[in-house]
Amino acid sequence: MKRRTIILLSLLSLLSLTMTGCRKTCTCIKNNGTSHTFTAEEVKAQNGTCQNMKYMYSDGTVNPTVSYYSVCQWD
């Protein structure tokens, strides 16, 4: 009986971890050192890659000729 309880609790904890999992964010650092984060959904809706988000301004506008951020990377 103890063994079943331990197995059941282990499975429940594993299930809860998979349900809450981590969420990736694309963090872009501006030239002045401040940063802005984009969700994976925002990245997918725009360019599909975090690297290309450096051309997206925080208000949602995109200008492919202007780099608003010095670097963008997944966290």
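Okay, so let's go over this structure. Per chain, residues are indexed from 1 in the order of the written sequence. Restriction of local features to residues with pLDDT of at least 70 applies here, the model being predicted, together with a cutoff of 80 or more for giving and counting side-chain atom pairs; totals for whole chains, interfaces and linings are based on all residues. Side-chain descriptors were evaluated using all non-hydrogen atoms of the structure, hydrogens and water having been removed beforehand.

1. Topic: the nonpolar core
The term nonpolar core refers to a set of buried residues drawn from Ala, Val, Leu, Ile, Met, Phe, Trp, Tyr and Cys, joined through side-chain atoms within 4.5 Å. Burial status follows relative accessibility: with a 1.4 Å probe on protein chains alone, a residue under 20% of its type maximum counts as buried, one over 50% as exposed, and anything between as partly exposed. Grouped together as the largest cluster of nonpolar side chains are nine residues: Cys 26, Cys 28, Phe 38, Val 43, Cys 50, Met 53, Met 56, Tyr 69 and Cys 72. Of all the elements in the fold, those that place two or more residues in this core are strand S1 (25-30) and strand S3 (69-74). For the purposes of this entry, the term helix denotes a DSSP run of H or I that reaches at least four residues, the term strand denotes a run of E that reaches at least two, and both are numbered from the N terminus.

2. With respect to the state of the cysteines
One way to say it: the disulfide is the covalent bond shared by the sulfur atoms of two cysteines. Any pair of cysteine sulfurs within 2.5 Å is marked as a disulfide. Within this structure, the stated rule accounts for two disulfides. What pairs with Cys 26 in a disulfide is Cys 50, and their sulfur atoms sit 2.0 Å apart. What sets the handedness of the Cys 26 and Cys 50 disulfide is the S-S torsion sign, and at about 85° it is right-handed. Linking Cys 26 in strand S1 with Cys 50 in the loop between helix H2 (40-46) and S3, this pair joins segments that are 24 residues apart in sequence. Each member of the pair, Cys 26 together with Cys 50, is buried. Covalently, Cys 28 is tied to Cys 72 through a disulfide, its sulfur atoms 2.1 Å apart. In this structure, the disulfide formed by Cys 28 and Cys 72 twists by about 115° around the S-S bond and is classed as right-handed. Here Cys 28, found in strand S1, pairs with Cys 72, found in strand S3; they are 44 residues apart in sequence, far enough to count as distant. Neither residue differs from the other here; Cys 28 and Cys 72 are each classed as buried.

3. Here's the deal with the sheet that holds S1
In sheet architecture, strand pairing relies on hydrogen bonds along the backbone and comes in two forms, parallel and antiparallel. The antiparallel open sheet is built from three strands, whose spatial order is S2-S1-S3. The open sheet has two edge strands, strand S2 (35-39) and S3, and neither has a second partner. Going across the sheet, the axis of each strand differs from the next one's by a mean of 20°, ignoring polarity. Think of it this way: DSSP has to see at least two bridges between two strands before they count as a pair. In the sheet, S1 pairs with S3 via five bridges, with the strands oriented antiparallel. Along S3, the bridge assignment pairs Cys 28 with Cys 72. Axis lines are fitted to C-alpha atoms, over the contacting stretch for helices. Their N-to-C directions set the angle, which ranges from 0 to 180 degrees.

In short, shape yes, function no, at least from these values alone.
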